Amino acid sequence: MKTKFRGYSKKDKAIHVLQTVLAVVVTLIMMFPLYWMIVTSLKTGNVVLNREISLLPDSLSPANYVEAWNRVPLGRYIFNTVIVTFLVMTIKISGGVLAAYGFARGSFPGRNVLFYVILGAMMVPHQVTFIPLYILCSRLGWVNTYMGLILPSVVAPHFIFMLRQAFMSVDQSYLDAGKIDGLGTLGAIWYVMIPMCKASLITVSLTTFITEWNSYFWPKIITQTDAVRVLTVGLVHLRESWTGEELWLHTNVTMAGAVITMIPAVILFIIFQKYMLTGYSKTAMK
């Protein structure tokens, strides 16, 4: 500890200690709901309804996860969620990269006006546009289909905005060198822009994954059967499979389903968190 604070004044040491304490407190506050969910998922139904708060379960009950898996077609929900998330990410990344390059390096009439329109779209919540969007999907026959789940989500203004900012930070000399070597527009994007903006691309990709994996509002509206139902909606369906007192007795099973739902997003965040921090930092500095 002495080595760490060597050369620091007493004031700097006090500030450092205070920052550390505040960081620990904030982390505990944010992590406690997750911890409580995991602990509850391992408790028995009677213990969950006990008025005495216990931070650790008296007895572990992994059977809650088995019951959650068998109570509803959780495997089908996971499959649907993986398919929808993967396709949305693929289309959104492909189109977003091309659009961002056009706004960052392209030269065409109305470029800035169109970009301002995209910025304006970032301010419009989905709750404002879901009625005309649902009517459109209904007339196209996309209700209860993958098309209805996927296509309305393949364009994201914030995705284009972040990538545009990242592409603008690349020095023009790299693109000029690529042109001398014979690279066209797609070649410049693939061999210059994407490698140099990898952190930002991973950031927006991971953000897209988390957003789509946890999406609830639109999937709840556009899906009505288990055939295309995703995990978030399926989790509510799991909870509503009980009524009355049984609903509260099976809170542990519902929590088990919630734990299963969050595992992929948590794993990906742990793996790629450094890229997220780097990507957001670069966008903020630009």
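Residues numbered from 1 in each chain as written. Predicted model: local features only at pLDDT ≥ 70, side-chain atom pairs only at ≥ 80, totals over all residues. Heavy atoms only, no water.

Colleague: Explain the packing of aromatic side chains to me, and be specific about the residues and the numbers.
Modeller: Scanning all chains against the criterion turns up seven aromatic pairs. One cation-aromatic arrangement involves Lys 43 over Trp 36; the distance from NZ or CZ to the ring centre is 4.5 Å. (Phe/Tyr/Trp six-rings, centres within 6.5 Å; stacked < 30°, edge-to-face > 60°. Lys NZ or Arg CZ within 6 Å of the ring centre and 35° of its normal.)

Colleague: Any chance you could break down the pattern of salt bridges for me, citing the residues and the numbers?
Modeller: Evaluation of the coordinates by the stated rule reveals two salt bridges. A salt bridge links Lys 92 to Glu 212, with the shortest nitrogen-to-oxygen separation between them at 3.6 Å. One end of the pair, Lys 92, is in helix 4 (residues 74-105); the other, Glu 212, is in helix 11 (residues 198-213), with 120 residues separating them in the sequence. As far as burial versus exposure is concerned, Lys 92 and Glu 212 are alike and both buried. In this structure, the salt-bridge partner of Asp 226 is Arg 229, at a minimum N-O distance of 2.5 Å. For Asp 226, a relative accessible area of 28% puts it in the partly exposed group. (Salt bridge = Lys/Arg side-chain N within 4 Å of Asp/Glu carboxyl O. Helix = DSSP H or I, 4+ residues; strand = E, 2+ residues; numbered from the N terminus. Buried < 20%, exposed > 50% of the residue type's maximum accessible area, 1.4 Å probe, protein only.)

Colleague: Describe the packing of helix 4 against helix 10 (residues 185-196), with residues and values.
Modeller: Across the interface, helix 4 lies against helix 10 with an axial gap of 11 Å and an inter-helix angle of 100 degrees. By the criterion of interaxial angle, the relationship of helix 4 to helix 10 is roughly perpendicular. Side by side, helix 4 and helix 10 meet where Val 97, Leu 98, Tyr 101 and Arg 105 of the first sit next to Thr 185, Leu 186, Ala 188, Ile 189 and Met 193 of the second. The residue makeup of the contact of helix 4 with helix 10, split by class, is seven nonpolar, one polar and one charged. (Axes fitted to C-alpha atoms, helices over the stretch in contact; angles between N-to-C directions. Parallel < 35°, antiparallel > 145°, perpendicular 65-115°, else oblique. Contact = heavy atoms within 4.5 Å. Nonpolar A, V, L, I, M, F, W, Y, C, P; charged D, E, K, R; others polar.)

Colleague: Residues and numbers for the confidence of the model for the protein, please.
Modeller: Looking at the protein, the pLDDT average stands at 84 and 89% of residues meet or exceed 70. Per-element confidence in the protein ranges from a low mean pLDDT of 67 for helix 2 (residues 45-48) to a high of 93 for helix 7 (residues 146-150). (pLDDT = per-residue confidence, 0-100.)

Colleague: I'd like a description of helix 1 (residues 10-41), backed by residues and values.
Modeller: Here helix 1 spans 46 Å end to end across 32 residues, near enough to the 46 Å set by a 1.5 Å rise per residue. A maximum bend of about 35 degrees is found in helix 1 at Met 31, where proline Pro 33 lies one to four positions downstream. Of the positions making up helix 1, those classed as buried are Met 37, Val 39, Thr 40 and Ser 41. (Expected span 1.5 Å × (residues − 1). Bend = angle between axes of the 7 residues up to and from the residue.)

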